[in-house]
Amino acid sequence: MAELKEADAEQLHQEDVDIKGGGVSDTLVPEERQPAEDDASSASSTVGKTEALAGDNDAKPSTTISDRHISIQTKLEGLEVLTDLNGAGRKACPLCPEEKFKACYSHKLRRHLQNLHWKVYVEFEGQKMCICHLPCRQLRPSPSPNGDQAPGRLVAHYHCVVCSVTIARKTDMISHLKRHVNKGETEASYSGSSDVPFEESAPSGQAYEIMKELGTNVQLMPNHTTPQKTDTYFNRKMKINRQLVFCSLAVLAEERNPLESLDAFGATGIMGLQWAKHLRNAVKVTITDINEVCVKMIRENCNLNHIRVEGSRGSSRVPDGGAGDVDGVPIATVEVAKMDANVIMHLRSFDYIHLDPFGTAVNYLDSAFRNIRNLGIISVTSTDTGSLYSKSLNVTMRHYGSNIVRTEYYKELAARMVLVTVARAAARCNKGIEVLLAVAVEHFVLVVVRVLRGPTQADESAKRIRQLIHCQWCEERVFLKQGSMVEENLYRQLPCNCHGSMPGKTAVELGPLWSGPLFNSGFLRRMLCAAVQHSMEDIQPLVKTLICESECTTLKSSVHGPTALINQGKRKTGDEPGNVVKKLKSDGSLEHPAFYYGIHRHSIRGMNMPKLNRFLQYLTEAGFRVSRTHFDPTGVRTDATLDQFKSVLTKYSVPTYTNTTATQNPEETVRAME
């Protein structure tokens, strides 16, 4: 009986070797442990599988769930299913030959599977590769002194879930899987689970992943989330950023039609494709990237969304008719060019430019302001949070030329630092800026500015660049007035009295920073209207918060009311671009206060502070302008000084432990305990 089993195992192993030669991965299925009468059917199915893949020998072998080796399982129960542990009698191990592990009873076999095979598995994307002792891998036989060929020795090994290669050591298998990840070859790459067929395959036999956002389909590489390992980087968490940029472009499209827009760093091209697919003929979209792989993928994504592609040399490509076409006519046209961002911005003029490089955008600001049209819009996304959030001060000084420290309002400090860099770049081109939006959410800082041509506007913007005086004890802050040069005057401008009561230097000078407003209320209202029109529910709460923050009010009736959405598309006379400078001069008192205070940062020890919304009401009753801020969920933007802020907070805070509890009525005592 043992000789019969060994003969069956040798025959199955020979069939497995033949399958390898035909282009099929070395696979052993549970049915191979069937009795001898099932060998003929299994052999015929194996031959049919080999013939089906005979014409695909040049392609990379695919590994699906049904073709994986039996040593690759997701749970321990998967190994136990390979043999009937509930039956009576002795049973053989499915992963060991008979000469290594003799047949035993169920309880001993279960311990064997758990302690020998399962305990040393290598996990990759939810799949556990257990160690295998079957004759899948043998050492090369060494020649004997008398010239006879010695038999090969069996070696314990792992089967790779990606390429089905056999590797002996666990550490080598881990290194082997890391190389697969670096090349973008993952287990999902060979599953063939793509919903959309592709005419052209990805490099190295990889399969694209289809992602849909805002009605736009894009192809993604398997390693699209790692910027260092892929050229077509895509971040799903930047969805809010893409929607904010889209709404700002939609507002500009209402002012001038048609307009030319530029997505200077295309990558997958999703942002430019969203512009073209939803705004159609209102915008003429140009997507550029310096990488050839990105340009190729952008063209494929255009065809996937039934958008006509125009090359930089005037060539055009019409996609095949699809569900989004009308009689084969593309829904929009996009120009795709392989060109450096600085070069194309020097050569051509645009109405809207979006800069979203990997990291800082300071190297592209001069080119962006060189040929931007008058009253055009430039949006800048910065993701170098290490330098923006005071973690790498030397990089901050090198990129932005500002001196900052870590404060409670560090996110707004980062936004104002980016704005001062943008204002300086515009002033070098004799242009000024009007800040429409400045947002710091998650791991990015987005600023949207309108460009105003002329040296007068440039001078007005330059006057908004000031130094900030920050107290290191109480974190009170105030912008330095122009003309203050003596160090003693720095401390006198701070409302706090820390300089007289604390030893040493209590204040530091930060900046230069942008001292003007960060929001334009009229522009934000029209952005909200665009968000509602295009069903962008993700950013609507954020835009509503920005509107209240720009007006420094807690009243949301003007935002949520039924008549508000009707009037959002109507532009007020004071919001016209030509009246920007006059409005800044006359309505300076209507600007929202700079910076905010954290209610938890300034809470009193041993006191229970009131709820945030109720505390905002107390500040309003005290005669101060107050609103919440998107920079900090517990922050309060107000024109009150820090001492006034603390006095109101102390007035309405309740001690944690009071002696008045015993004198209360029993019902009130029970209610307080509840």
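Residues numbered from 1 in each chain as written. Predicted model: local features only at pLDDT ≥ 70, side-chain atom pairs only at ≥ 80, totals over all residues. Heavy atoms only, no water.

As recorded in an unreviewed UniProt entry, the protein goes by the name tRNA (guanine(27)-N(2))-dimethyltransferase, listed as coming from Oncorhynchus mykiss. The protein has a UniProt comment under Sequence similarities (unreviewed entry) that states "Belongs to the class I-like SAM-binding methyltransferase superfamily. Trm1 family." What the UniProt record of the protein gives under Subcellular location (unreviewed entry) is the line "Nucleus, Nucleolus". (UniProt positions renumbered as here; feature names shortened; annotations may be inferred.)

Novice: Got a minute to help me understand the overall build of the protein in this structure?
Specialist: Counting its secondary structure elements, the protein contains 24 helices and 24 strands. Among the 674 residues that make up the protein, the fraction classed as buried is 49%. A separation threshold of at least 6 residues defines the contact pool for the protein, and within that pool the share at least 24 residues apart is 65%. Accessible surface, the protein as shown: approximately 33000 Å² in total, 50% of it carbon and sulfur. (Helix = DSSP H or I, 4+ residues; strand = E, 2+ residues; numbered from the N terminus. Buried < 20%, exposed > 50% of the residue type's maximum accessible area, 1.4 Å probe, protein only. Contact = heavy atoms within 4.5 Å. Areas by Shrake-Rupley, 256 points an atom, 1.4 Å probe, with all protein chains shown as cover.)

Novice: Explain the packing of aromatic side chains here, please?
Specialist: Two aromatic rings, taken as a pair, are described by how far apart their centres are and by the angle between their planes. Applying the stated criterion across every chain yields a total of 10 aromatic pairs. Note on Y596 and F631: the rings are 6.0 Å apart at their centroids and 5 degrees apart in plane angle, and the pair reads as stacked. Of the two residues, Y596 is situated in the loop between helix 21 (580–586) and strand 20 (597–598) and F631 in the loop between strand 22 (626–628) and strand 23 (635–638); the sequence distance between them amounts to 35 residues. Note on accessibility: Y596 and F631 belong to one class, buried. A ring pair is formed by Y618 and Y652, whose centres lie 3.7 Å apart and whose planes are at 15 degrees; its orientation type is stacked. Here Y618 is found in helix 22 (residues 612–621), whereas its partner Y652 is found in the loop between helix 23 (642–651) and strand 24 (654–655), with 34 residues between them in sequence. (Phe/Tyr/Trp six-rings, centres within 6.5 Å; stacked < 30°, edge-to-face > 60°.)

Novice: Can you help me understand the UniProt feature "domain: C2H2-type" (unreviewed entry) in the protein in this one?
Specialist: This chain's UniProt record puts "domain: C2H2-type" (unreviewed entry) on residues 158–185. The span residues 158–185 carries 46% helix and 14% strand; its end-to-end C-alpha distance comes to 18 Å.

Novice: Explain the sheet that holds strand 17 (residues 465–471) to me, please; I cannot follow it from the model alone.
Specialist: Hydrogen bonds between backbone groups are what pair the strands of a sheet, and the pairing can be parallel or antiparallel. Spatial ordering of the open sheet is given by 18-17-19, a layout of three strands whose pairing is antiparallel. In this open sheet, the two strands that pair with only one neighbour each are strand 18 (477–479) and strand 19 (507–514). Within the sheet, the average angular offset between the axes of one strand and its neighbour, ignoring direction, is 25 degrees. Packing against the sheet, helix 13 (residues 410–428) makes contact with strand 17, strand 18 and strand 19, and its axis sits at approximately 50 degrees to strand 19. (Pairing = 2+ DSSP bridges. Axes fitted to C-alpha atoms, helices over the stretch in contact; angles between N-to-C directions.)

Novice: Explain the layout of surface pockets here, please?
Specialist: Over the atoms, a rolling probe the size of a water molecule traces out where space has been left empty. For the second largest pocket, the calculated volume is near 780 Å³. Taken together, 33 residues make up the lining of the second largest pocket; nearest its centre are Y233, F265, A267, D356 and F358. In the lining of the second largest pocket, the residues fall into 16 nonpolar, 11 polar and six charged. (1 Å grid on protein atoms, 1.4 Å probe; cavity = no way out; pocket = protein on both sides within 12 Å on 5 of 7 lines; lining within 4 Å. Points joined across faces, edges and corners; volume = space filled by probe spheres on them. Nonpolar A, V, L, I, M, F, W, Y, C, P; charged D, E, K, R; others polar.)

Novice: Honestly, the sheet that holds strand 20 in this entry has me stumped. Any pointers?
Specialist: Strand order in the open sheet made by the three strands is 20-23-22, with antiparallel pairing throughout. Each end of this open sheet is capped by a strand with a single partner; those strands are strand 20 and strand 22.

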